[in-house]
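An overview of the molecular structure
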Amino acid sequence: MEGWDVPYRHSVQTALEVLRGRWTVAVLAALARGETQYKDLITTINEVEQRVSRGRKLSDRVLTDTLQRARDDGLIERYAAETGNFSAVSYQLTPMGRSLLRAVRPLAEWAQENRDQLKGNTETVNQQS
């Protein structure tokens, strides 16, 4: 395929590495509305997942790991506000995190447009396993 030179492929691979993990996009999407406390973040993500995936649940440990990776990648910022005996931790998208979320939108639209074909391929693969 013309135009798929090594630097371009490397850039695509780099982007996919940033998006690694089942929950990365869910976390970014949940933070799209603005700064969100940790406890509200996990609740929001699990409520959405309950509606669309029936049964999959984000654990505290996986959320913590996902948030740390996103921080390391420069996608989100962490804030801790002292309130009495504990600190309320919240997270917010960085400009880079917002731009990544916008960049993922065409990929989501592609998946929606091809949902039936993709579902058929997924079922075929699952039957062969």
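In the block above lies the structure referred to throughout.
What comes next is a walk through the structure. This one's a predicted model, so the numbers in the text were calculated from it and none came from an experiment. (Residues numbered from 1 in each chain as written. Predicted model: local features only at pLDDT ≥ 70, side-chain atom pairs only at ≥ 80, totals over all residues. Heavy atoms only, no water.)

**Structural notes on the overall build of the chain**
How we decide: Strands here are runs of E lasting at least two residues and helices are runs of H or I lasting at least four, both read from the DSSP assignment and numbered beginning at the N terminus. Exposure categories follow from relative accessible area, calculated using a 1.4 Å probe and restricted to protein chains: below 20% of the type maximum is buried, above 50% is exposed, and the middle band is partly exposed. The criterion used for residue contact is that any of the two residues' heavy atoms lie within 4.5 Å.
Check the secondary structure of the chain and you find 6 helices and 3 strands. Ordering the α and β elements of the chain from the N terminus gives α-α-β-α-α-β-β-α-α. Of all 129 residues assigned to the chain, the portion counted as buried reaches 24%. Long-range contacts, defined here as pairs at least 24 residues apart, represent 49% of the contacts in the chain between residues at least 6 apart.

**Digging into the packing of aromatic side chains**
Counted only if it meets this: Only centres within 6.5 Å qualify two rings of Phe, Tyr or Trp (six-membered ring in Trp) as a pair; their planes then separate them into stacked at under 30 degrees, edge-to-face at over 60, and tilted for everything else. Note on geometry: a ring has a charge over it if NZ (lysine) or CZ (arginine) is within 6 Å of the ring centre and within 35 degrees of the ring normal.
Enumeration according to the criterion identifies 0 aromatic pairs in this entry. Looking at R22, its charged tip hangs above the ring of W23, at a distance of 4.4 Å from the centre.

**Some thoughts on the sheet that holds strand β2 (residues 76-83)**
Which entries qualify depends on this criterion: Only strands joined by at least two bridges in the DSSP assignment are considered to pair. Helix axes use the C-alpha atoms of the stretch in contact, all axes being lines fitted to C-alpha atoms, and the angles between their N-to-C directions lie in the range 0 to 180 degrees.
If you walk across this open sheet you meet the 3 strands as β1-β3-β2, and the pairing is antiparallel. Every interior strand has two partners, whereas the edge strands, β1 (36-37) and β2, have only one. Across the sheet, helix α2 (residues 24-31) is in contact with β1, β2 and β3 (86-93); its angle to β3 comes to roughly 95 degrees. Against the sheet, helix α4 (residues 60-72) contacts β2 and β3, and its axis sits at roughly 120 degrees relative to β2.

**Here's the deal with the nonpolar core**
Rules: Residue types Ala, Val, Leu, Ile, Met, Phe, Trp, Tyr and Cys, when buried and joined through side-chain atoms within 4.5 Å, form a set referred to as a nonpolar core.
If you look at the biggest cluster of nonpolar residues, it comprises 22 residues, and the most contacted ones within it are L41, L63, L67, I76 and Y91. If you list the elements that add at least two residues to this core, you get α2, α3 (38-53), α4, β3 and α5 (95-113). Those residues within four positions of L67 in sequence are excluded, and the remaining contacts are V27, Y38, L41, I76 and Y91.

**A short note on α2**
It helps to recall that an α-helix has 3.6 residues per turn; residues three or four apart then point in one direction. Which entries qualify depends on this criterion: In this context, the arc is that of the directions from the helix axis out to the C-beta atoms.
For α2, every residue scored as buried is listed here: T24, V27, L28, A30 and L31. Across the axial projection of α2, the buried residues extend over an arc of 165 degrees, all falling on one side.

**Some points on the packing of α3 against α4**
A pair of packed helices can be characterised by two numbers: the angle between their axes and the separation between those axes. The cut-off we apply is this: Here the angle decides the label: under 35 degrees means roughly parallel, over 145 means roughly antiparallel, 65 to 115 means roughly perpendicular, and every other value means oblique. With the far helix as reference, a near helix turned anticlockwise by less than a right angle produces a left-handed crossing, and one turned clockwise produces a right-handed crossing. Here the term charged refers only to Asp, Glu, Lys and Arg, the term nonpolar to Ala, Val, Leu, Ile, Met, Phe, Trp, Tyr, Cys and Pro, and the term polar to all other amino acids, Gly among them.
Two elements in contact, α3 and α4, have axes whose closest approach is 11 Å; the angle formed by their N-to-C orientations is 110 degrees. Judged on the interaxial angle alone, α4 and α3 are roughly perpendicular. Relative to α4, the crossing made by α3 is right-handed. Facing Y38, L41 and I42 of α3, the residues of α4 in contact are D60, L63, T64 and L67. Here the residues of the contact of α3 with α4 are counted per class, giving 5 nonpolar, 1 polar and 1 charged.

**Here's the deal with the environment of R78**
In plain terms, the rule: Polar contacts, as used here, are pairs of N or O atoms within 3.5 Å; protein pairs need one atom able to donate a hydrogen and one able to accept it. Residues neighboring in sequence count only if both atoms are side-chain atoms.
Inspection of the secondary structure assignment puts R78 in strand β2. Owing to a relative accessible area of 40%, R78 belongs among the partly exposed residues under this scheme. Those residues in contact with R78, other than ones at most four positions away along the chain, are R71, V89, S90 and Y91. A distance of 3.5 Å separates polar atoms of two side chains, one belonging to R78 and the other to Y91.

**Observations regarding the pattern of salt bridges**
The condition is simple: For this document, the term salt bridge refers to a Lys or Arg side-chain nitrogen within 4 Å of an Asp or Glu carboxyl oxygen.
Tallied over the entire structure, the rule returns 4 salt bridges. R61 is paired through a salt bridge with D65; the nearest N and O atoms lie 3.5 Å apart. In this pair, R61 and D65 are both assigned in helix α4, 4 residues apart and thus about one turn of the helix distant.

Honestly, that's just the spatial picture; any functional story needs more than this.
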